[in-house]
Amino acid sequence: MKVIELIKKLNEIGYDENTELTFGVVNRENGNWYEAPFDEINYGIDLTGEPYHNDVINIDVDVDSVEEYQKEKTDSAVESFVDEIQEVLNKYQRKLIF
C-alpha cells in the first residue's frame, strides 16, 4: 500500500488527536479478527541495507504474541491432519473389504 493511499483513506474516514490506530490479523478460515501489538517501524538501512530514499517503510506487528490466533490456527491444522488421516484409513479399509 502506498502511504498516500493510507492517508487518503484516513482522511475519508475522519480522525482527530484521540483516534487510535490498531493493527490486527484475520483468520481467513473463520473470519475471526485479533489485535496484534505494534512492534516497530523499519526503514532505510535497517530495512533494505541502503540509505533511506523514501521508498519503503515497514510496520511490524507481533503476530506470534496473539495466542488466541495461534491456538486457533494450530487447532485447525490438527483437525485438517486428522481428517486427512481418516480419509486414508477409510480408503485402506475399503480396499481390505473388497
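Everything quoted here is computed from the prediction, not taken from an experiment. (Residues numbered from 1 in each chain as written. Predicted model: local features only at pLDDT ≥ 70, side-chain atom pairs only at ≥ 80, totals over all residues. Heavy atoms only, no water.)

A. Inspection of a nonpolar patch on the surface at higher detail. Together, V3, I4, I7, F38, I41, Y43, Y52, I57 and I59 make up a nonpolar patch on the protein surface, roughly 840 Å² of accessible area in all. Within the element layout of this structure, Y43 appears in strand β3 (residues 38-43). Exposure remark for Y43: the relative accessible area of 44% places this residue in the partly exposed category. (Patch = residues over 30% accessible without salt bridge, like charges linked within 9 Å, V, L, I, M, F, W, Y side chains within 5 Å. Areas by Shrake-Rupley, 256 points an atom, 1.4 Å probe, with all protein chains shown as cover. Salt bridge = Lys/Arg side-chain N within 4 Å of Asp/Glu carboxyl O. Helix = DSSP H or I, 4+ residues; strand = E, 2+ residues; numbered from the N terminus. Buried < 20%, exposed > 50% of the residue type's maximum accessible area, 1.4 Å probe, protein only.)

B. Looking closely at the side chain of N42. Examined against the element boundaries, N42 turns out to sit in strand β3. Polar contacts involving the side chain of N42 include one to the side chain of D60, which spans 2.8 Å. Ignoring sequence-local partners within four residues, the contact set of N42 consists of L47, V56, I57, N58 and D60. (Polar contact = N/O pair within 3.5 Å; in protein donor to acceptor, adjacent residues only side chain to side chain. Contact = heavy atoms within 4.5 Å.)

C. Broad picture of a negative patch on the surface. Judged by side-chain charge, E79, D83, E84 and E87 come together as a negatively charged surface patch. Structurally, D83 can be placed in helix α3 (residues 67-97). (Lys, Arg positive; Asp, Glu negative; His and termini not counted. Charge placed at Lys NZ, Arg CZ, Asp CG, Glu CD.)

D. Structural view of the nonpolar core. V25, Y34, A36, V66 and Y69 form the largest nonpolar core, which has five residues in total. Dropping the residues within four chain positions of it, A36 is found in contact with F23, G24, V61, D62 and V66. (Core = buried A, V, L, I, M, F, W, Y, C linked by side-chain atoms within 4.5 Å.)

E. A look at α3. For α3, spanning 31 residues, the distance from its first C-alpha to its last is 45 Å, which sits close to the expected 45 Å at 1.5 Å a residue. Those residues of α3 not exposed but buried are Y69, E72 and S76. (Expected span 1.5 Å × (residues − 1).)

F. Local environment of the pattern of salt bridges. By the definition in use, this model includes three salt bridges. For K9, the salt bridge identified is with E12, shortest N-O distance 3.2 Å. Of this pair, K9 and E12 both sit in helix α1 (residues 3-13), three residues apart, which is roughly one turn of the helix. Judged by its relative accessible area of 61%, E12 is exposed. Of the charged contacts in the structure, one is a salt bridge between E29 and K73, with a shortest N-O distance of 3.5 Å. You can see E29 sitting in the loop between β1 (24-26) and β2 (33-35) and its partner K73 sitting in helix α3, a full 44 residues away along the chain. A residue is classified by how much of its surface remains accessible, and E29, at 52% relative accessible area, is exposed.

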